[in-house]
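Inside the fold
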Amino acid sequence: MIRPGGLLMVAPHPDDETIGGHALMARMRRRGVPVRVLIVSDGAGSHRGSTTWPRQRLVRERRRETRMALHRIGVTARAIGFLDLPDGDVAAHGGAICRAIARALATLPGLVLALAPSPRDDHPDHRAVAAAARPAHGVRWLAYPVWPTGQRLPAARPMPLTAQERLAKRHAIRRYRTQTGHITDDPAGFALTAAQIAAFSRPSEVFAAMWR
């Protein structure tokens, strides 16, 4: 893995950044590399039927969860941007995503390593974010897998994690309480299973060139 002048993580939803590159971001911060994180959607679509967690409360909590998870690995709140596009309808706002990515890249020095979901991802919001990742001079784009859990990316290169990094990542994912079963009054609501959390904290983080 190259040592860039800066790292940009682009995540469709709050928690995708942790699933996709928690250990990589932590390593970069330990080396003093600036890290910026752009969260594209407001994350309000995970529990539309909850009465105790109406939209504003859920969005506010998902932001808090993201800031807390990233703070633990040295990414400050000032380095996190929330685009607040509608969860589930990100594809209708491709221009806004492209512009936000360009602004975030402009804040980073030198060669930039930029991460976005795989174009092959099952989730339409993830594919829309991948489509907004455009080639740019001085930017190396890598794709990370999310859905389906455990998907294999063509020609992907694994970054092996230490036991400590795996444990830290698993704990970080579980701290997203809104996504791990804390909200119980929406039968159709989303919740990561124990098997999915285990798969997301596997022995390696995996990245592949965005374009081949």
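These numbers were taken from a predicted model, which means no experiment stands behind them. (Residues numbered from 1 in each chain as written. Predicted model: local features only at pLDDT ≥ 70, side-chain atom pairs only at ≥ 80, totals over all residues. Heavy atoms only, no water.)

Attention now goes to helix 4 (residues 124–132). Within the sequence span of helix 4, burial applies to Asp-125, His-126, Ala-128, Val-129, Ala-130 and Ala-132. Looking at the buried side of helix 4, the elements it contacts are strand 1 (6–11), helix 1 (16–30), strand 2 (35–41), helix 3 (94–106) and strand 4 (112–117). (Buried < 20%, exposed > 50% of the residue type's maximum accessible area, 1.4 Å probe, protein only. Helix = DSSP H or I, 4+ residues; strand = E, 2+ residues; numbered from the N terminus. Contact = heavy atoms within 4.5 Å.)

A separate point is the sheet that holds strand 6 (residues 157–160). In spatial order, the strands read 3-2-1-4-5-7-6; together these 7 strands make up an open sheet with mixed pairing. In the strand order of this sheet, the two ends are held by strand 3 (80–85) and strand 6, each with one partner. Each neighbouring strand pair of the sheet contributes to a mean axis angle of 25°, computed without reference to strand direction. Relative to strand 7 (residues 204–209), strand 6 runs antiparallel, the two sharing 4 bridges. From the neighbouring strand, Pro-158 faces strand 7, where its bridge partner is Val-206. Each of strand 1, strand 2, strand 4, strand 5 (139–144), strand 6 and strand 7 touches helix 1; the most contacted strand, strand 1, lies at about 170° to it. (Pairing = 2+ DSSP bridges. Axes fitted to C-alpha atoms, helices over the stretch in contact; angles between N-to-C directions.)

Now for the pairing of strand 1. Counted residue by residue, strand 1 has 6 buried out of 6 residues, so it is predominantly covered. Where burial is concerned, the two faces of strand 1 agree: the one with Gly-6, Leu-8 and Val-10 and the one with Leu-7, Met-9 and Ala-11 are both buried. Direction of pairing for strand 1 relative to strand 4: parallel, over a ladder of 4 bridges. The partner of Leu-8 across the bridge, within strand 4, is Ala-114. When strand 1 meets strand 2, the two strands line up parallel, connected through 5 bridges. Within strand 2, the residue paired with Met-9 across the bridge is Val-37. The parallel pair strand 1 and strand 2, bridged by helix 1, forms a crossover whose chirality is right-handed. (Right-handed = clockwise from strand over helix to strand, strands pointing away.)

Moving on to helix 5 (residues 163–174). Across its 12 residues, helix 5 extends 17 Å between first and last C-alpha, which sits within 8% of the 16 Å expected from 1.5 Å per residue. Along helix 5, the positions that sit buried rather than exposed are Glu-165, Lys-169, Ala-172 and Ile-173. Seen from one end, helix 5 has its buried residues packed into an arc of 95°, which puts them on one side. Opposite the buried face of helix 5, by more than 90 degrees, sit the exposed residues Ala-163 and Gln-164. Of the surrounding secondary structure, the elements contacted by the buried residues of helix 5 are helix 1, strand 6, helix 6 (194–200) and strand 7. (Expected span 1.5 Å × (residues − 1). Arc of directions from axis to C-beta.)

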